[in-house]
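Single-letter residue listing:
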Amino acid sequence: NIIDKMIHELLLALSGYPGTIFTWNKRNGLQVSQDLPFLHPSETSVLNRLCKMGTDYVRFTEFIEQHTGHVHQQEHYSSQPSQTGLHGIYLRAFCTGLHSMLQPYRQALLDLEKEFLGDPHLSISHVNYMLEQFQLLFPSVMVVVETIKSQKIHGCQILETVYKHSCGGLPPVRMALEKILAVCHGVMYKQLAAWMLHGLLLDQSEEFFVKQGPSAGGATAAQEEEEEDLGIGGLSGKQLRELQDLRLIEEENMLAPSLQQFSLRVEMLPSYIPVRVAEKILFVGESVQMFENHNQSPSRAGSILKHQEDMFAAELHRLKQQPLFSLVDFENLVDGIRSTVAEHLWTLMVEESDLLGQLKIIKDFYLLGRGELYQVFIDLAQHMLKTPPSAVTEHGINRLFLQIMRSPFSNSNFLFIISLNLLYLFQMSMWHFSKQLIKCSKVLHASGNREGTTPPQETSPREAPPTGWAALGLAYKVQWPLHILFTPAVLEKYNVVFRYLLSVRRVQSELQHCWALQMQRKHLKSNQTDAVKWRLRNHMAFLVDNLQYYLQVDVLESQFSQLLHQINATRDFESIRLAHDHFLSNLLAQSFILLNRY
């Protein structure tokens with residue numbers, strides 16, 4: 001019977017095996033042979049609809065085989081292997097989900113074959129009826145496949161593509177794409193488990209939304225937002241963002257070789273995962289990775305997850321098994337892991353590493369908390385720093401700085417304690433020559449740089465500093481694990497404030513020296529010009545003395561007290577980092593430093 005033979009060949013063609021009645025054309029896919037006089041036009045129309053569905057199936061299997069490495073049994077319709085640029089584990093997961101979605105279709109063809117073996121008189125309309133659901137499903141899924149191919153969708157962007165197409169109103173399409181999405185989520189959960197629980201970034205093809213290296217930077221904000229005056233000493237919205245984003249320097253160029261830096265690859269982040277959640281994931285992985293790579297003794301560092309890795313892994317596996325992604329459950333788990341890590345970091349930094357003590361030492365050095373030390377330094381270093389720096393200037397001022405800190409000119413025990421315990425943490429640096437050394441060491445791949453030390457920011461991008469004072473800065477060797485709080489960009493902010501405060505102190509010292517000269521000459525006869533000079537000196541001294549008082553009392557002491565209070569009021573490391581960032585931003589804003597920068 002010709003009809004029986006045609007139906008059997010139709011089932012084979014719909015399974016991906018064309019014949020003489022249903023032929024394969026590389027451009028148009030499956031087609032019904034035109035020289036079949038026994039077919040009615042209506043039957044031809046039904047067969048063409050079925051051939052369109054069969055063509056989609058063949059395209060699906062071709063796509064799966066091309067990107068999963070399997071070899072198809074039939075090669076008469078497969079295209080030549082082309083370098084499409086599509087690769088990665090998310091693409092393979094998508095193909096796995098697509099393969100599973102096609103299983104009901106294959107089973108339906110198998111059932112139809114059994115039915116026709118039992119009843120040879122079944123018609124083409126029966127085949128069309130049994131496969132009707134796939135005629136609605138396949139074109140919608142084919143849109144997803146073609147989008148991935150044409151736009152070269154990669155990595156976690158596949159999650160976004162599948163998710164957007166699953167939000168339609170057709171239940172069969174939504175359910176099928178949700179199953180494919182669940183398979184793709186399995187890859188994401190595995191990457192999350194490796195990153196958040198072990199600090200491992202398993203991402204050879206750059207598919208994850210966390211990457212190693214600095215952020216590429218976001219889009220430029222609107223002009224009115226950039227110029228918005230926030231009422232903080234003339235500080236605009238653009239300036240404040242630059243401060244809070246730590247963009248005073250290119251931080252990645254100054255990172256110590258042993259300190260990895262990670263950031264978000266925002267273009268890979270699916271829209272249904274908020275950036276706030278991704279930031280928490282980034283923080284957890286960075287913290288765990290820092291602990292895993294550090295060679296501290298386990299007895300001191302312990303487990304940053306407090307030995308709850310198995311519990312968190314089980315929770316991630318439970319979320320992976322869910323058919324639908326739940327943002328509430330996902331964020332709750334991320335919050336739980338983040339809280340554990342943040343509390344452990346707080347304990348390690350505040351209690352074990354004495355963060356409060358380190359902040360007070362930084363205040364004493366960078367913020368001139370010990371004015372007597374710098375007063376002596378200003379007097380003795382003037383002859384070396386009043387001219388442009390040379391190659392030996394940095395060595396000379398460091399010897400001087402060392403001698404001052406070890407000298408018994410002060411009755412305070414502060415200097416004695418520093419000379420014994422903290423002397424090796426600080427040294428003076430000259431930007432002009434330190435920058436050249438950094439460039440040379442990067443070219444030669446030198447590994448001798450001290451961890452955490454940062455040269456000050458340049459005063460001019462092209463010219464050498466006019467005096468040594470303009471290039472002077474402090475380099476601070478940050479101890480583990482405080483380096484995650486005192487980053488190179490943070491230390492550069494401290495150097496900006498340090499140079500500013502030191503310049504105010506120098507001006508005040510010079511004015512006081514003028515007053516001493518005035519007192520020495522008060523018994524001499526003075527003319528009207530001298531009176532104008534001394535009156536000007538009084539006005540200048542009044543201004544500088546009040547500025548100094550304002551900076552030390554109303555800005556530094558006030559902001560530092562608030563910072564200590566906020567640190568003591570929390571047990572969360574992220575809150576400490578945010579409070580410290582605000583502390584530095586407020587120092588720069590309220591000290592009028594930005595008025596000179598912009």
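See above for the structure.
Just so you know, these numbers come straight off a predicted model, no measurement behind them. (Residues numbered from 1 in each chain as written. Predicted model: local features only at pLDDT ≥ 70, side-chain atom pairs only at ≥ 80, totals over all residues. Heavy atoms only, no water.)

Here the focus is the overall build of the protein chain. Within the protein chain, the regular secondary structure consists of 24 helices and 8 strands. Across the 598 residues of the protein chain, 47% fall into the buried class. A sequence separation of at least 24 residues applies to 76% of the contacts in the protein chain between residues at least 6 apart. As presented, the protein chain carries roughly 30500 Å² of accessible surface, and 53% of it is formed by carbon and sulfur atoms. (Helix = DSSP H or I, 4+ residues; strand = E, 2+ residues; numbered from the N terminus. Buried < 20%, exposed > 50% of the residue type's maximum accessible area, 1.4 Å probe, protein only. Contact = heavy atoms within 4.5 Å. Areas by Shrake-Rupley, 256 points an atom, 1.4 Å probe, with all protein chains shown as cover.)

This brings us to helix α17 (residues 393-406). Over its 14 residues, α17 extends 20 Å from the first C-alpha to the last, a length consistent with the 20 Å expected when each residue adds 1.5 Å. The complete set of buried residues in α17 reads Thr393, Glu394, Ile397, Asn398, Leu400, Phe401, Ile404 and Met405. Buried residues in α17, looked at end-on, bunch into an arc of 165°, giving them a common side. Of the exposed residues in α17, those oriented more than 90 degrees away from the buried face are His395, Arg399 and Arg406. (Expected span 1.5 Å × (residues − 1). Arc of directions from axis to C-beta.)

Residues Phe94, Leu131, Phe209 and Phe486 are the most contacted members of the largest nonpolar core, which totals 160 residues. Broken down by element, this core gets its largest block of residues, 14 residues, from helix α8 (residues 171-198). (Core = buried A, V, L, I, M, F, W, Y, C linked by side-chain atoms within 4.5 Å.)

Here we come to the state of the cysteines. Under the criterion given, the structure shown has 0 disulfides. Summary of cysteine pairing: Cys184 is not part of a disulfide, and the nearest cysteine sulfur, belonging to Cys95, is at 8.9 Å. Accessibility expressed as a relative area gives 0% for Cys184, which makes it buried. (Disulfide = S-S within 2.5 Å.)

So, on to the packing of helix α16 (residues 371-385) against α17. Orientation of α16 relative to α17, taken along the N-to-C sense of each, is 150°, at an axis distance of 10 Å. It follows from the interaxial angle that α16 and α17 lie roughly antiparallel. As α16 runs across α17, the sense of the crossing is right-handed. Between α16 and α17, the contacting residues are Leu373, Tyr374, Val376, Phe377, Leu380, Ala381, Met384 and Leu385 on the first element and Thr393, Gly396, Ile397, Leu400, Phe401, Ile404 and Met405 on the second. When the residues that make up the contact of α16 with α17 are grouped by side-chain class, the tally is 13 nonpolar, 2 polar and no charged. (Axes fitted to C-alpha atoms, helices over the stretch in contact; angles between N-to-C directions. Parallel < 35°, antiparallel > 145°, perpendicular 65-115°, else oblique. Left-handed = near helix turned anticlockwise from the far one by under 90°. Nonpolar A, V, L, I, M, F, W, Y, C, P; charged D, E, K, R; others polar.)

Turning our attention to the environment of Asp56. Note that Asp56 resides in helix α2 (residues 41-68). For the pair Asp56 and Gly16, spaced 40 residues apart in sequence, the C-alpha separation works out to 9.9 Å. Those residues within four positions of Asp56 in sequence are excluded, and the remaining contacts are Phe138, Pro139 and Met142.

So, on to unusual backbone geometry. Positive phi, normally seen in glycine, also occurs at Lys152, with a value near 50°. As for its placement among the helices and strands, Lys152 is situated in the loop between α6 (132-151) and α7 (157-165). Phi is positive for Leu368, close to 55°, though the residue is something other than glycine. Mapped onto the elements, Leu368 comes out in the loop between α15 (355-366) and α16.

We now examine the pattern of salt bridges. As enumerated under the stated definition, the model contains 15 salt bridges in all. Across the pair Glu331 and Lys280 runs a salt bridge whose closest N-O atoms are separated by 3.5 Å. Residue Glu331 is located in helix α14 (residues 327-352), and its partner Lys280 is located in helix α11 (residues 275-293); the two are separated by 51 residues in the primary sequence. Residue classification places Glu331 among the buried positions, given a relative accessible area of 12%. Here the salt bridges do not stand alone but share partners, grouping Arg276, Lys280, Glu331 and Asp335 into one network. (Salt bridge = Lys/Arg side-chain N within 4 Å of Asp/Glu carboxyl O.)

Strand residues, when the strand is regular, have side chains that alternate between the two faces of the sheet. Taking burial as the measure, the 5 residues of strand β7 (residues 426-430) include 4 buried ones, the bulk of the element. Two strands pair when backbone bridges link them, and β7 and strand β8 (residues 472-476) are joined in this way by 5 bridges, in the antiparallel orientation. Opposite Met430, over in β8, you have Leu472 as the bridge partner. (Pairing = 2+ DSSP bridges.)

When you line up the elements, Pro120 lands in the loop between α4 (103-118) and α5 (124-130). For the pair Pro120 and Lys5, spaced 115 residues apart in the sequence, the C-alpha separation amounts to 9.9 Å.

Next up on the list: the pairing of β8. Taking burial as the measure, the 5 residues of β8 include 5 buried ones, the bulk of the element. What you see with β8 is no split at all: Leu472, Leu474 and Tyr476 on one side and Gly473 and Ala475 on the other are buried throughout.

Helix length check: helix α23 (residues 573-590) (18 residues) gives 25 Å between terminal C-alpha atoms against 26 Å at 1.5 Å per residue, within 8%. Along α23, the residues classified as buried are Phe573, Ile576, Ala579, His580, Asp581, Phe583, Leu584, Ser585, Leu587, Leu588 and Ala589. N-capping of α23 is provided by Asp572, with a side-chain oxygen placed 2.8 Å from the backbone N of Glu574. (Polar contact = N/O pair within 3.5 Å; in protein donor to acceptor, adjacent residues only side chain to side chain.)

Here we come to the packing of α14 against α23. Where α14 contacts α23, the axes come no closer than 7 Å and their chain directions differ by 65°. Taken together, the residues of α23 that come into contact with α14 (itself represented by Arg338, Ala342, Leu345, Trp346, Met349 and Val350) are Phe573, Glu574 and Ile576. Across the contact of α14 with α23, the residue classes break down as 7 nonpolar, no polar and 2 charged.

For the rest of this paragraph, the subject is the packing of aromatic side chains. Under the criterion given, the structure shown has 18 aromatic pairs. Look at Tyr105 and Phe134: their rings are 5.3 Å apart centre to centre, the planes differ by 80°, and that puts the pair in the edge-to-face class. Note that Tyr105 is positioned in helix α4 and Phe134 in helix α6, a separation of 29 residues in sequence. Each member of the pair, Tyr105 as well as Phe134, carries the same accessibility label: buried. (Phe/Tyr/Trp six-rings, centres within 6.5 Å; stacked < 30°, edge-to-face > 60°.)

Residue position: Ile397 is located in helix α17. Counting along the chain gives 12 residues from Ile397 to Leu385, while the straight-line C-alpha distance between them is 8.5 Å. With near-sequence residues (within four places) excluded, Ile397 lies in contact with Phe377, Met384, Leu385, Met428, Met430 and Leu472.

So yeah, pure geometry; function would need other evidence.
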